[in-house]
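Remarks on the overall topology
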Amino acid sequence: MPGVVLALAIRPTEGADMREVERLDLDPKRGVVGDYGRHRRRQVTLLDEAAWNAAVTEAGDPSHPWTTRRANVLIRGMNLSGLVGQTITLGTSRVKVLGEVDPCFKMNEALDGLEDALSRNWRGGVYCMVKQEGSVTIGDMV
């Protein structure tokens, strides 16, 4: 069953807050175009809405914004852990899902207990490598 893109975000500079955008351009060499984070393999990150909601509820603030997680794409309706090793269509691009994103101490700085809550059941999301350039917009199918 396909998922749907609910929201998109980039971090324009080091240390900056995430900024929600309407579209992401993905490139195999640059990852998310305009995003500060540049890793060879961790080029774009996906976060599941239900997993995020469970984590922030457990940490005590169910209204906490998803951008705190510092992921690029918020998705509804997919089991992200089941996609590891697969190449999926994300908008008009293709990305290979490589692994689980481990939450860091910055999550607890944003909301006490969030790092631990994200550490369970793949709640922190997955990271991907761009295999085919393209773009992704809110409402796109995954």
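Okay, so let's go over this structure. The model shown is predicted, which means the values in this text are computed figures rather than measured ones.

1. Quick word on the overall build of the protein
- Along the protein, the regular secondary structure elements total 3 helices and 10 strands.
- Its helices and strands in sequence order give the protein the pattern β-β-β-β-β-α-β-β-β-α-α-β-β, from N to C terminus.
- Computed over its C-alpha atoms, the radius of gyration of the protein comes to 14 Å, within 12% of the 14 Å expected for a compact globule of 142 residues.
- The dimensions of the protein, computed from C-alpha atoms along their principal axes, are 40 × 35 × 25 Å.
- The proportion of buried residues among the 142 residues of the protein is 48%.
- The contacts in the protein between residues at least 6 apart in sequence include a share of 73% that link residues at least 24 apart.
- Surface summary for the protein: the accessible area is close to 7,100 Å², and the carbon and sulfur share equals 46%.
- One way to put it: in the protein the 18 positive side-chain charges average out to a point 9 Å from where the 19 negative ones average out.

2. Some thoughts on helix α1 (residues 49–59)
- Residues Ala51, Trp52, Ala55, Val56 and Ala59 constitute the buried set of α1. Buried positions in α1, seen along its axis, are confined to an arc of 125° and lie on one side of it.
- Packing partners of the buried residues in α1 comprise β5 (44–48) and α3 (114–118).
- With a side-chain oxygen lying 3.2 Å from the backbone nitrogen of Ala50, the N-terminal cap of α1 falls on Asp48.
- Where α1 terminates, the next one or two residues include Gly60, which has phi positive at roughly 105°.

3. Some remarks on the sheet that holds strand β6 (residues 73–76)
- The strand order β2-β1-β6-β5-β9-β8-β7 describes an open sheet built from 7 strands, whose pairing is mixed. Edge positions in the sheet fall to β2 (19–21) and β7 (87–90), since each has one partner strand and no second. Sheet twist, expressed as the average angle between the axes of neighbouring strands with direction ignored, equals 40°.
- Where strand β8 (residues 93–100) meets strand β9 (residues 126–132), 6 bridges bridge the pair, whose relative direction is antiparallel. Bridging across to β9, Val97 finds its partner in Cys128.
- The sheet strands contacting α1 are β1 (4–10), β5 and β6, and the helix crosses β5 at an angle near 70°.

4. Quick notes on the pattern of salt bridges
- Within the structure shown, the criterion is met by 6 salt bridges.
- A salt bridge links Asp25 to Arg23, with the shortest nitrogen-to-oxygen separation between them at 2.8 Å.
- A salt bridge links Glu58 to Arg123; the nearest nitrogen and oxygen atoms lie 2.8 Å apart. Note that Glu58 is positioned in helix α1 and Arg123 in the loop between α3 and β9, a separation of 65 residues in sequence.
- Given a relative accessible area of 40%, Glu58 falls into the partly exposed group.
- The structure contains a network of salt bridges with shared partners spanning Glu58, Asp116, Arg120 and Arg123.

Calculation criteria
- Counting restarts for each chain, with residues numbered from 1 along the sequence as it is written.
- Totals for whole chains, interfaces and linings use every residue, but because this is a predicted model, local features are given only for residues with pLDDT of at least 70 and side-chain atom pairs only at 80 or more, for both listing and counting.
- Each side-chain value is worked out from all heavy atoms of the structure, with water and hydrogens disregarded.
- Helix numbering and strand numbering both begin at the N terminus, where a helix is a DSSP run of H or I of at least 4 residues and a strand a DSSP run of E of at least 2.
- Both definitions apply: the radius of gyration is a C-alpha atom measure, and the globule rule equals 2.2 Å times residues to the power 0.38.
- Burial here depends on accessible area, computed with a 1.4 Å probe over protein chains only, as a share of the maximum for the residue type. Under 20% is buried, over 50% is exposed, and the range in between is partly exposed.
- Only heavy atoms matter for contacts: two residues are in contact if any of them lie within 4.5 Å across the pair.
- Only the protein chains shown count as cover for residues, and all accessible areas are computed by the Shrake-Rupley method using a 1.4 Å probe.
- We score Asp and Glu as negative and Lys and Arg as positive, and we do not count His or the chain ends.
- By convention, charge coordinates are those of NZ in Lys, CZ in Arg, CG in Asp, or CD in Glu.
- Throughout, the arc means that of the directions going from the helix axis to the C-beta atoms.
- The term polar contact refers here to a pair of N or O atoms within 3.5 Å; inside protein, the definition further demands a hydrogen-donor-capable atom paired with an acceptor-capable atom, and it admits residues adjacent in sequence only when both atoms are side-chain atoms.
- Paired strands, as defined in this entry, are two strands with at least two bridges between them according to DSSP.
- To obtain each axis, a line is fitted to C-alpha atoms, and for helices this fit is confined to the stretch in contact; angles are then taken between N-to-C directions over 0 to 180 degrees.
- By convention in these notes, a salt bridge is any Lys or Arg side-chain nitrogen within 4 Å of a carboxyl oxygen on Asp or Glu.

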